[in-house]
Amino acid sequence: MDNLTIIASQKNWIDTRSVETLEKITRFKGVKKVVGLPDLSVGLVPNGTAVLTEDRIYPHLIGGDIGCGMSLFEVPLKPKKIKVERFAKYLSKIESLDDVEIDAPQLGYHLGSIGKGNHFAELHLVNEVVDKNLFEHLGLGADSLYTLVHSGSRAFGQIVFDKVAGRYDPSVGLSIDEAEEYLEAHDKAIDYAKQSRAEIAMRLLKAIKLESSLTTVSDTAHNSILQTKEGWLHRKGATPTDKGAVIIAGSRGSLSYLVMPTEHTQKSNYSLAHGAGRKWERSSAEAKLRNRYTKADLTRSSIGSRVLCRDSKLLYEEAPQAYKNIDVVIDDLVEAGLATVVATFCPILTYKE
């Protein structure tokens, strides 16, 4: 179809059901262009999707976790103070980051909590500086500790979505006037999620007994609707390209990438992948891995990082084996002329609730 673009190489694994779903979306009223990114994965609306419409709003294309995104923070810390086992010991003593109190304004219930699914808070070290000039231009330290947070608007965004869900034809959407109240609440959910990620990072540091400042390296919402000069851009698991350098997360058993979008991202609806993308649905991941790995096996990744997760089911559902190869995803973005790699980051500790 002329208005559908899939950005993926032959090395990439793209499920045909996802492509079929995007083909259906191209026929929605007012849809101008649909893009499937290299992390395209199975779902009612696949992650790794960017949809441009002329004058229609489709809340279900981004779902209830409005504002879900990634934030990377630099923690200026001397290497000798980075003690992974000690950090893990401290974190294992708390039930949830909700238990960690910090001096920050409370915007509402669930602010500063990670949530379930693929959400996480991680500690990272720089693995490799690929583009020294860009890295130095960003003012980053090669020896610093970094915190990567993936979370969204929690109950707030779900309430916003529930108010309109089922009240419109999914293939027709809402007019701009009909969506006015939704869009206003949507923008508040975007801000809520951003502040929540910052609070998660602060709570994480306090939980591992680090008193340090945080510098935001990258913050992007990958579930959002944005008005652009070309129309209304709906992103589901898609990273915007107008925020400078952005982090694209791997699985907890692989590297994550800091990349700089190029000036050629119009062809991808001004969007990049948000992560590796699932190759197995959660319902099948656990069944495939239960007989191959013990819970203890999954508390350390293949690259040696620690994983803390009290939920045994979630530990299996979100295992690195359930995800695609992040290196292939990044290569596809680079080969398509959409991004330049600045640096790679290696997780040393993943915390999930």
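Above: the structure in question.
Throughout what follows, the structure given in this document is the object of discussion. As the structure is a prediction and not an experimental result, all values here were calculated from the model.

**Some remarks on the overall build of the chain**
- From N to C terminus, the chain includes 8 helices and 17 strands.
- In terms of C-alpha radius of gyration, the chain reaches 19 Å, essentially the compact-globule figure of 20 Å for 353 residues.
- Expressed along its principal axes, the backbone C-alpha trace of the chain runs to roughly 55 × 50 × 45 Å.
- In the chain, buried positions account for 57% of the 353 residues.
- When the accessible area of the chain is evaluated, it comes to approximately 15,600 Å², of which 48% is carbon and sulfur surface.
- For the chain, the centre of its 45 positive side-chain charges and the centre of its 46 negative side-chain charges are spaced 6 Å apart.

**Looking at the nonpolar core**
- Within the largest apolar cluster, 33 residues are counted, with the highest numbers of intra-cluster contacts made by Ile248, Tyr257, Val259, Leu272, Ile326, Ile330 and Leu333.
- Among the elements that make up this core, the one with the highest residue count is helix α8 (residues 326-335) (4 residues).
- By size, the runner-up hydrophobic cluster in this structure holds 27 residues, among which are Phe73, Phe87, Leu91 and Leu210.

**Let's talk about unusual backbone geometry**
- For lysine 209, which is not a glycine, the phi torsion comes out positive at approximately 60°.
- With respect to the helices, strands and loops of the structure, lysine 209 is situated in the loop between α5 (180-207) and β9 (215-221).
- A positive phi angle, near 50°, is found at tyrosine 270, a position not held by glycine.
- Tracing the sequence through the fold places tyrosine 270 in the loop between β14 (256-261) and β15 (271-273).

**Let's talk about the pattern of salt bridges**
- Going through the model one piece at a time under the given rule, you end up with 13 salt bridges.
- As a salt-bridge pair, arginine 17 and glutamate 281 come within 3.4 Å of each other at their nearest N and O atoms. Remark: glutamate 281 occurs in the loop between β15 and α6 (282-289) and arginine 17 occurs in helix α1 (residues 16-25); sequence separation between them is 264 residues.
- A relative accessible area of 41% places arginine 17 in the partly exposed class.
- In this structure glutamate 281 comes out as partly exposed when scored by relative accessible area, which is 35%.
- Put simply, glutamate 199 and arginine 203 hold a salt bridge, and the shortest N to O gap is 2.7 Å. Taken as a pair, glutamate 199 and arginine 203 lie in helix α5 at a separation of 4 residues, close to a single helical turn.
- The exposure class of arginine 203 is buried, given its relative accessible area of 6%.
- Here the residues in one salt-bridge network are Glu286, Arg290, Lys313 and Glu317, joined through shared partners.

**Digging into a negative patch on the surface**
- On the surface, Asp177, Glu178, Glu180, Glu181, Glu184, Asp187 and Asp191 cluster together into a negatively charged patch.
- In this fold, glutamate 184 is placed in helix α5.

**Re the state of the cysteines**
- Counting across every chain of the model gives 0 disulfides.
- There is no disulfide at cysteine 68, and the cysteine sulfur nearest it, in cysteine 309, is 17 Å away.
- Distance from the sulfur of cysteine 346, which forms no disulfide, to the nearest cysteine sulfur (cysteine 309) is 19 Å.

**Observations concerning the layout of surface pockets**
- Each pocket or cavity is described by its volume, and for the largest pocket that value is around 1,000 Å³.
- Taken together, 48 residues form the lining of the largest pocket, with Asn47, Asn118, His119, Lys236 and Arg282 sitting closest to its centre.
- Within the residue set of the lining of the largest pocket, elements represented by two or more residues are β6 (120-129), α4 (154-162) and β17 (339-352).
- The element that contributes the greatest number of residues to the lining of the largest pocket is α4, accounting for 3 residues.
- Within the lining of the largest pocket, the residues separate by chemical class into 14 nonpolar, 20 polar and 14 charged.
- The space that makes up the second largest pocket amounts to roughly 360 Å³.
- Surrounding the second largest pocket, 19 residues form its lining, Ile190, Ala221, Ser224, Leu226 and Lys243 being those nearest its centre.

**Focus: the environment of methionine 202**
- Position of methionine 202 relative to the elements: it lies in helix α5.
- Look at methionine 202 and you get partly exposed, because its relative accessible area is 35%.
- Along the sequence, methionine 202 and alanine 189 sit 13 residues apart, while their C-alpha atoms lie 20 Å from each other.
- Contact partners of methionine 202, with chain neighbours within four places excluded, come to Ile102 and Leu214.

**Side note on the packing of aromatic side chains**
- What the rule picks out here adds up to 3 aromatic pairs.
- Look at phenylalanine 156 and tyrosine 192: their rings are 4.9 Å apart centre to centre, the planes differ by 65°, and that puts the pair in the edge-to-face class. Here the residue phenylalanine 156 occupies a position in helix α4, and tyrosine 192 occupies one in helix α5, the gap between them amounting to 36 residues.
- Residue classification places phenylalanine 156 among the partly exposed positions, given a relative accessible area of 28%.

**Brief notes about the side chain of threonine 344**
- Among the secondary structure elements, threonine 344 is positioned in strand β17.
- For threonine 344, a relative accessible area of 4% translates into the label buried.

**Structural notes on the pairing of β6**
- As judged from the 6 bridges shared by β6 and strand β7 (residues 145-151), these two strands associate in the antiparallel manner. Across the sheet, residue histidine 124 finds its bridge partner in β7, namely tyrosine 146.
- In the sheet, β6 pairs with β17 via 8 bridges, with the strands oriented antiparallel. Residue pairing across strands places glutamate 128 opposite threonine 344, the latter belonging to β17.

Cut-off values and rules
Residues numbered from 1 in each chain as written. Predicted model: local features only at pLDDT ≥ 70, side-chain atom pairs only at ≥ 80, totals over all residues. Heavy atoms only, no water. Helix = DSSP H or I, 4+ residues; strand = E, 2+ residues; numbered from the N terminus. Rg over C-alpha atoms; globule rule 2.2 N^0.38 Å. Buried < 20%, exposed > 50% of the residue type's maximum accessible area, 1.4 Å probe, protein only. Areas by Shrake-Rupley, 256 points an atom, 1.4 Å probe, with all protein chains shown as cover. Lys, Arg positive; Asp, Glu negative; His and termini not counted. Charge placed at Lys NZ, Arg CZ, Asp CG, Glu CD. Core = buried A, V, L, I, M, F, W, Y, C linked by side-chain atoms within 4.5 Å. Salt bridge = Lys/Arg side-chain N within 4 Å of Asp/Glu carboxyl O. Patch = residues over 30% accessible without salt bridge, like charges linked within 9 Å, V, L, I, M, F, W, Y side chains within 5 Å. Disulfide = S-S within 2.5 Å. 1 Å grid on protein atoms, 1.4 Å probe; cavity = no way out; pocket = protein on both sides within 12 Å on 5 of 7 lines; lining within 4 Å. Points joined across faces, edges and corners; volume = space filled by probe spheres on them. Nonpolar A, V, L, I, M, F, W, Y, C, P; charged D, E, K, R; others polar. Contact = heavy atoms within 4.5 Å. Phe/Tyr/Trp six-rings, centres within 6.5 Å; stacked < 30°, edge-to-face > 60°. Pairing = 2+ DSSP bridges.

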